[in-house]
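Below are the chains, spelled out letter by letter.
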Amino acid sequence: MKNIKYLVLITQVGIDIISGIAAGLVIGMLLDKLFKTNSIFTLILLIIGIFSGLNIAYRRLSRMIEKKKNKEDKSHE
């Protein structure tokens with residue numbers, strides 16, 4: 001059961017990162033097409049998407065670590 005929780009967490013982190021990157025890429029490409037620019041929006045929004053995806057993944061992992069610490073602290077009381 002414990003291994004399944006970690007597998008689910010790894011999958012969620014991967015999806016968080018990929019969805020941030022994909023959203024930035026798609027929106028950037030649409031804006032470039034709309035304004036007829038040479039990939040400037042794609043590049044900017046791709047970078048924002050990468051940082052956003054990594055930030056979301058970091059927050060998810062931080063919450064899980066905090067929960068685990070809280071459980072361990074309660075079990076020692």
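Residues numbered from 1 in each chain as written. Predicted model: local features only at pLDDT ≥ 70, side-chain atom pairs only at ≥ 80, totals over all residues. Heavy atoms only, no water.

Caption draft 1: Focus on the packing of aromatic side chains. Taken as a whole and judged by the stated rule, the model has 1 aromatic pair. An angle of 40 degrees between the planes, with centres 5.7 Å apart, marks the rings of Phe 35 and Phe 41 as tilted. For Phe 41, a relative accessible area of 28% translates into the label partly exposed. (Phe/Tyr/Trp six-rings, centres within 6.5 Å; stacked < 30°, edge-to-face > 60°. Buried < 20%, exposed > 50% of the residue type's maximum accessible area, 1.4 Å probe, protein only.)

Caption draft 2: Layout of the UniProt feature "transmembrane region" (unreviewed entry) in the chain. Mapped onto the present numbering, the UniProt feature "transmembrane region" (unreviewed entry) falls on residues 7-31 and 37-58. Note that residues 7-31 is 100% helix and 0% strand, and that its end C-alpha atoms are spaced 36 Å apart. With 86% helix and 0% strand, residues 37-58 has end C-alpha atoms that lie 33 Å from one another. (UniProt positions renumbered as here; feature names shortened; annotations may be inferred. Helix = DSSP H or I, 4+ residues; strand = E, 2+ residues; numbered from the N terminus.)

Caption draft 3: The arrangement of the pattern of salt bridges in detail. Evaluation of the coordinates by the stated rule reveals 1 salt bridge. The salt bridge partner of Arg 60 is Asp 16, with a shortest N-O separation of 2.6 Å. Highlighted residues: Arg 60 in helix H2 (residues 40-76) and Asp 16 in helix H1 (residues 2-35), separated in sequence by 44 residues. Taking the relative accessible area as the measure of exposure, Arg 60 reaches 23% and is therefore partly exposed. (Salt bridge = Lys/Arg side-chain N within 4 Å of Asp/Glu carboxyl O.)

Caption draft 4: Geometry of a positive patch on the surface. Residues Lys 5, Arg 59, Arg 63, Lys 67 and Lys 71 make up a contiguous surface patch of positive charge. It is H2 that provides the largest number of residues to the positive patch, a total of 4 residues. (Patch = residues over 30% accessible without salt bridge, like charges linked within 9 Å, V, L, I, M, F, W, Y side chains within 5 Å. Areas by Shrake-Rupley, 256 points an atom, 1.4 Å probe, with all protein chains shown as cover. Lys, Arg positive; Asp, Glu negative; His and termini not counted. Charge placed at Lys NZ, Arg CZ, Asp CG, Glu CD.)

Caption draft 5: Examining H2 more closely. Between its first and last C-alpha, H2 extends 54 Å over 37 residues, near the 54 Å set by a 1.5 Å rise per residue. Among all positions of H2, only Thr 42, Leu 45, Gly 49, Gly 53 and Ala 57 are buried. Against the buried residues of H2 lie H1. (Expected span 1.5 Å × (residues − 1). Contact = heavy atoms within 4.5 Å.)

Caption draft 6: Main features of the layout of surface pockets. Of the pockets and cavities examined, the largest pocket occupies roughly 430 Å³. In this structure, the largest pocket is lined by 13 residues; those nearest its centre are Lys 5, Tyr 6, Met 64, Lys 67 and Lys 71. Where the lining of the largest pocket is concerned, the elements lending two or more residues are H1 and H2. Among the residues making up the lining of the largest pocket, the classes are represented as 4 nonpolar, 1 polar and 8 charged. (1 Å grid on protein atoms, 1.4 Å probe; cavity = no way out; pocket = protein on both sides within 12 Å on 5 of 7 lines; lining within 4 Å. Points joined across faces, edges and corners; volume = space filled by probe spheres on them. Nonpolar A, V, L, I, M, F, W, Y, C, P; charged D, E, K, R; others polar.)

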